[in-house]
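Structural description and commentary
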Amino acid sequence: MPEFLQFLFSGLTVGAIYALVALGFTLIYNASDVINFAQGEFVMIGGMVTFFAVAAGIPLPLAALIALVSAVIIGVLLHVLAIEPAKGASPVTLIIITIGASIFLRGVAAVVFDKNFHSYPPFAGSEPIRVGGATILPQSIIVLLGTLAIVVALWALMTRTLIGKGMVATATNRLAARLVGINTAAIVGVSFALSAAIGAIGGILVTPITLTNYDVGTLLALKGFAAAMLGGMGHPFGAVVGGLIVGLLETFGAGYISSAYKDAVAFLVILGVLLVMPQGLFGSAGVERV
Amino acid sequence: MPGMLRTYWVVLAVAVIVAVLPYLVPTTFYLRIAALVFIFSIAVLGLNLLMGFAGQVSLGHAGFFGIGAYAVAVGPAHFGVPSWLALLLGLILAGVIAYIIGRPILKLRGHYLAVATLGMGILIAMVFTNEARFTGGPDGMAVKRLVLFGWTARGSVAWYWISGVTLVLAVLLAVNLIDSPTGRALRAIHDSEVASRVLGVDVARYKLIAFVLSAVYAALAGAYLALFDALVTPATAGFLRSIEFVTMAVIGGLGSILGSIVGAALLTVLPQLLTVFHDYEHIALGFIMIVFMIFLRAGIVPSLAQLLRRTPQ
Amino acid sequence: MSVLSVENLGIDFGGVRAVDGVGFAVEAGEIFAIIGPNGAGKTTLFNLISGLYPPARGKVLLNGEDVTRLAPHLLAARGLSRTFQNLQIFFRMSAIENVMVGRHLRERRNVLAHLLRLPSVVAQNRDSRAKAKDLLNLVGLGAMAERPAGELPYGALKRLEIARALATEPTILLLDEPAAGCNAVETAEVDAVIQKIAAQGVTVVLVEHDMRLVMKISSRIHVLDQGRTLAEGTAAQIRANPAVIAAYLGAHAGAEAGDAGR
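What counts, and at which threshold
Residues numbered from 1 in each chain as written. Chains lettered and ligands numbered in written order. Predicted model: local features only at pLDDT ≥ 70, side-chain atom pairs only at ≥ 80, totals over all residues. Helix = DSSP H or I, 4+ residues; strand = E, 2+ residues; numbered from the N terminus. Rg over C-alpha atoms; globule rule 2.2 N^0.38 Å. Buried ≥ 20, exposed ≤ 12 C-beta atoms within 10 Å, placed from the backbone. Contact = placed C-beta atoms within 7 Å. Core = buried A, V, L, I, M, F, W, Y, C linked by C-beta atoms within 7 Å. Domains from an automatic or database assignment. Axes fitted to C-alpha atoms, helices over the stretch in contact; angles between N-to-C directions. Parallel < 35°, antiparallel > 145°, perpendicular 65-115°, else oblique. Left-handed = near helix turned anticlockwise from the far one by under 90°. Nonpolar A, V, L, I, M, F, W, Y, C, P; charged D, E, K, R; others polar. Expected span 1.5 Å × (residues − 1). Pairing = 2+ DSSP bridges.

1. Looking at the overall build of chain C
Each helix and strand counted, chain C has ten helices and ten strands in total. By the compact-globule yardstick of 18 Å for 262 residues, chain C fits well, its C-alpha radius of gyration being 19 Å. Along the longest, intermediate and shortest principal axes, the C-alpha atoms of chain C span 65 × 40 × 35 Å. Across the 262 residues of chain C, 47% fall into the buried class. Sequence separation of 24 or more characterises 67% of the internal contacts of chain C that already satisfy a separation of 6 or more.

Right, dumping it as structure tokens:
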């Protein structure tokens, strides 16, 4: 039982990060039909910039803020310089662009920072808390609470603010949204900014547990994508649920079956979902009209 | 037949380049680079058959490249199989795996297919990394040199000719395929799957054929690289390599045989020029990918062809 | 035995019964027209018959054989062919290559032989090319054989699709609005082509809005409205049918169509 609980805590923690990445995917996908492979890089930026700012003597809260702002700026630049100019391109072209952006950002991080693993002290101490025979780190709780806060804030944004409603409208029918005066290009830009922010916060929160490195973005993006697919591409709630499920499957798989193939779980999920129920848990199947 | 001449000039052009290049370069170092270009061209040509002609996307093609590479490493080292036989078995293995994976996966489209192939490629690379007992793990393993009738294939000159001649044959087969019922079926599927179906084309079968064929091309190239380098590592089958292949195909021009070679040449020579700034390799690759997809989406060769066609007017 | 027989065919999209309880039989050598207002389900009906949508209810029989859920390429092998309302041309291929794709069923499909370009393949290519050229000549596109399909004008593309559909040597051909968007000259060309096809013994099923054309060449007409059969009969019967006039033709159009019949 304690072992099970331990895996549960770890799985939920890492799953929360996947959920944030998946949420970012979903926001951008809904606004623009683009699958943003650079999503993982936002998480990396969150962690790496925070570490180097702290190492330069800046207090942690300010460092985190700098990291957040950096990520948002890069997200907007990505939209303006790489995605907008390629409007109307085929899905494959867009995928190549975002993969290119991901590789580019990774290369820049390796040069501007370095290739080592880094971390900084957890926010609420490192004394593990005992729960039912297992332990959970305070930072894990912070990650989970932070994810919950983001999800709630996003929900409030979507349903209570004009911008949020604009995003929902754009996601539902872009042409109709344009026709009623919504600036869909700006909406897409906002979705990139929000995705970057969400990813960066995830990175900032989880680095004390998992460490950060110039290279963490790739696998995170792929696992976040697996989560988004599992939940149903385009469903924010599904993305969160998908992220938690992927995190749990991965941790339990590593614990009970094989830890060497831990990373394979997410890919098996992708393949499974695509082949068995492409619409995911909460999505709906489409019909091609001829 | 003017049409035939138009398509076969590519074969002739490649043959001439392969034959003449050794006399134009000062040292064998350049032949080594050329051999690498030829090897990657074979892989990219296969990918182009799948992406440019059949219109399917694969972001995991390095997986098949890796299967060919590890076949010629593992076969001789662990099973005592001679290299040439290991190579053949590697090709067959790649084809079989492509067949098995392809049947379910090719029912997907667009970015779903892209991500499925991505996952496939990464899973294959993961097996190479983890099964250290056979594959030497993350650091890879040494590869015994190819020995044919007592002669050892070693060095830039030998591999220049081996890969060069193979490339000419690979191009010949590709050109043959394009002007054939299979080629027409693939190109039709790319333009309109629906119309292809009602005209009697078994779309699923042809997508699978393109997938298997491209896998075999990739495996052959992978085997050559492993035998040439006498070394194989899991990076050979990795995500970055898959992306490099796609970038080579797209930059050169999807649907253009010559484009495959141009793309391979560009992305092979560039890192050589940038060895001094090795760390900037990723930055350059990412940048190139983005810029080409925005400004030169059709690729180098088709864009040039378009330009030449417009000039007389 | 009818060439094509449709029984109680039905399909739903969400809550909408796009096609419901439709049935008819087409005899060999007929030119059978399906007409009705936009949204009546005509193209959906074609998609059901040609295997692109699986019907929720009903049956499709081809020469007596139940082909209801058969894949489109298998239907093609059994002699069914069709064109598309919204043109599904292979734009990157030349006109003649478009038609050559239609020869696929008659070509040998050994991939290895294709890779090696064996003499049998060369002969096959020559044969397919010749047959394709004949068909292009039949529809009046012989001069444009080598042009990329993307460069052809709209009217030519409509005829190209017909030539391509004929390349499979069908016993029955479904034409989905062959005269859509065509001016009077182009419509006359389509008319002539359809007559030539029928003269060669191919059964034609036609979805069309151009009433002059329909009334002129059809042996029988089947009227659809909101997914259901409204009426069926000869041109004269349909022209005079009050329900059809109310739903679709309108009093004026009924008279106009009457003029075309003379």
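Now that the structure has been shown, the text picks up again.
2. Observations regarding the interface of chain B and chain A
At the interface, 31 residues of chain B touch 34 residues of chain A. Breaking the side of chain B that touches chain A down by element, the ones donating at least two residues are helix 5 (110-130), helix 11 (239-252) and helix 13 (281-295) of chain B. Among the elements that line the side of chain B that touches chain A, the one with the most residues is helix 5 of chain B, at eleven residues.

3. Section: the nonpolar core
In terms of nonpolar packing, the biggest core is built from 288 residues, with Ala 200, Ala 226 and Ile 270 of chain A together with Ala 219 and Ala 221 of chain B touching the most fellow members. Considering each element in turn, this core owes the most residues, 20 residues, to helix 10 (residues 203-229) of chain B. A domain-level breakdown of this core finds at least three residues from each of domain 1 (1-79 + 170-262) and domain 2 (89-169) of chain C.

4. Some points on the packing of helix 2 (residues 28-53) of chain B against helix 7 (residues 156-178) of chain B
All names here are of chain B. Interhelical geometry of helix 2 versus helix 7 gives an angle of 20° and a closest axis separation of 8 Å. With respect to each other, helix 2 and helix 7 are oriented roughly parallel. Crossing angle aside, the handedness with which helix 2 passes helix 7 is left-handed. Across the interface between the two elements, Thr 28, Leu 31, Arg 32, Ala 34, Ala 35, Phe 38, Ile 39, Ser 41, Ile 42, Leu 45, Leu 49 and Phe 53 of helix 2 pack against Ser 156, Val 157, Trp 159, Tyr 160, Ser 163, Gly 164, Thr 166, Leu 167, Ala 170, Val 171, Ala 174 and Ile 178 of helix 7. The class makeup of the residues in the contact of helix 2 with helix 7 is 17 nonpolar, six polar and one charged.

5. Looking at helix 4 (residues 83-105) of chain B
Residue and element names in this part refer to chain B. In a regular helix each residue adds 1.5 Å, so 23 residues correspond to 33 Å; helix 4 covers 32 Å between its end C-alpha atoms and thus fits that length. Within helix 4 the residues assigned to the buried category are Ser 83, Ala 86, Leu 87, Gly 90, Leu 91, Ala 94, Ala 98, Ile 101, Gly 102 and Ile 105. Looking at the buried side of helix 4, the elements it contacts are helix 3 (62-79), helix 5, strand 2 (147-148) and helix 10.

6. Quick notes on the sheet that holds strand 5 (residues 65-66) of chain C
Residue and element names in this part refer to chain C. Taken in spatial order, the four strands of this open sheet run 2-1-4-5, and their pairing is antiparallel. The open sheet has two edge strands, strand 2 (16-26) and strand 5, and neither has a second partner. Of the pairings in the sheet, the one linking strand 1 (residues 4-13) to strand 4 (residues 57-62) comprises five bridges and is antiparallel in character. The partner of Val 6 across the bridge, within strand 4, is Val 60. Across the sheet, helix 1 (residues 42-49) is in contact with strand 1, strand 2 and strand 4; its angle to strand 2 comes to roughly 65°.

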